[in-house]
Amino acid sequence: NNQERMASQQSEPTQSVVRPYVEDGRPTYGGRYIKGRLHPSFITEDGLDRLSREVAWRPTDVFITTHPKCGTTLTQQILLLLRHDGVQPDTHMMDGIPWAELGYCATREGCDLDTTFPPTIGWRAFKSHAFYDLFPGDVSVPKFIIVTRNPKDTMVSLWHHMRNKRVWSFDGDWDTFFENVLQGSVESSDFFLWHKQWWAAHKSGAIKCLWLHYEDMIDDMAQAVSAIAEFVGIDPSPQLVQTVAEQCTLSAMKANPKANCEWVKTSKGESAQHLRKGGKGGWREVFTPEQDAIYTAMIQDQLCDTGLEYDYG
């Protein structure tokens, strides 16, 4: 169907949108920089501009908004199941809760964002990795479920992501990737800027937002399901909360053909392991002591005045 076609374009962009591998002296690994931040090649400035001009968000719209590798897919699955009374629909979360920018950036004609939302549901849901200042349209109108994750586990997950996905050409080791993290040559470029922008908007009341931490979600899935349901206006029974929570563990999602993300492939046509490991604290097996010291100092410098704190496992 239409959204599966776009998901395919997400994982395997056409050659016409791939930029050179170096831009302004920085590696792109097949992506492109928009306002200094590295995006997958299928996200274009023209597409974002058209989306801003042509689509008016509704107060009932819900955006799952995350920095890449911070719990996006898990949150999509929770919301998809809540929308369908705890029953897995005959579609997956990337189709049922699509990447809003993808349709407009992947095709010249844009797309109809209503096509996957039958009137019986009554409200639309999307995902986005947009920075606050690059969000396409009036950011004060929709609701946002923002999920964050500790930056050390996020960077390790992002390393695997950029090695495994067709859209990225990175094939280096962790040491090389860590240097790229420091210079902003990884997807989204700046974990700290992304979070500081959205956090400031949340704390000031500029957006309607539910702010969640991935580590809290996996520690108490039922509580996360309840919080998300309440935020989007669903009054769930205890049975619905339990049913959704049980289906959203990593093992349950890996066993579900409509949730295991096996349709996301590498450039060799193999599974990209989109659902790889999850959890928290895995960064300890990857960071060297020196890298840990460098990145810990960066975290403290960047986040010391924000009040944002993380569980590092």
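Structure first, text after, so check above.
All of the points below concern the structure found in this document.

Reading the values: rules and limits
- Residues numbered from 1 in each chain as written.
- Predicted model: local features only at pLDDT ≥ 70, side-chain atom pairs only at ≥ 80, totals over all residues.
- Heavy atoms only, no water.
- Salt bridge = Lys/Arg side-chain N within 4 Å of Asp/Glu carboxyl O.
- Helix = DSSP H or I, 4+ residues; strand = E, 2+ residues; numbered from the N terminus.
- Buried < 20%, exposed > 50% of the residue type's maximum accessible area, 1.4 Å probe, protein only.
- Arc of directions from axis to C-beta.
- Contact = heavy atoms within 4.5 Å.
- Pairing = 2+ DSSP bridges.
- Axes fitted to C-alpha atoms, helices over the stretch in contact; angles between N-to-C directions.
- 1 Å grid on protein atoms, 1.4 Å probe; cavity = no way out; pocket = protein on both sides within 12 Å on 5 of 7 lines; lining within 4 Å.
- Points joined across faces, edges and corners; volume = space filled by probe spheres on them.
- Nonpolar A, V, L, I, M, F, W, Y, C, P; charged D, E, K, R; others polar.

## Focus: the pattern of salt bridges
Working step 1: Scanning the entire structure with this criterion turns up six salt bridges.
Working step 2: One salt bridge in this structure joins Arg37 and Asp133, with 2.7 Å as the shortest N-O distance. Residue Arg37 is found in strand β4 (residues 37-39), and its partner Asp133 is found in the loop between β6 (125-128) and β7 (143-148); the two are separated by 96 residues along the sequence.
Working step 3: Overall, Asp133 belongs to the partly exposed group, its relative accessible area being 37%.

## Brief notes about helix α11 (residues 238-247)
Working step 1: Turning to α11, its buried residues are Leu240, Val241, Val244 and Ala245. Angular distribution of buried residues about the axis of α11 spans 125°; they occupy a single face of the element.
Working step 2: In this structure, the buried residues of α11 make contact with α3 (72-83) and α10 (221-232).

## A few points about the side chain of His213
Working step 1: Its location among the elements puts His213 in strand β8 (residues 208-213).
Working step 2: Residue His213 is classed as buried on the basis of its relative accessible area of 17%.
Working step 3: When neighbours within four sequence positions are excluded, His213 is seen to be in contact with Thr148, Glu309 and Tyr310.

## With respect to the sheet that holds β6
Working step 1: Spatially, four strands are ordered β6-β5-β7-β8 in an open sheet, and the strand pairing comes out parallel. Edge positions in the open sheet fall to β6 and β8, since each of these has one partner strand only. In this sheet, adjacent strand axes meet at a mean angle of 20° when their direction is disregarded.
Working step 2: Taken together, the six bridges between β7 and β8 define a ladder with parallel strand orientation. Directly across from Phe144, in β8, lies its bridge partner Cys209.

## Observations regarding empty space enclosed by the protein
Working step 1: Applying the stated criterion across every chain, the model contains two cavities of 30 Å³ or more.
Working step 2: The computed volume of the largest cavity comes to approximately 110 Å³.
Working step 3: Surrounding the largest cavity, His39, Pro40, Ile43, Leu48, Trp99, Glu101, His129, Ala130, Leu134, Glu187 and Ser188 form its lining.
Working step 4: Classifying every residue of the lining of the largest cavity gives six nonpolar, three polar and two charged.

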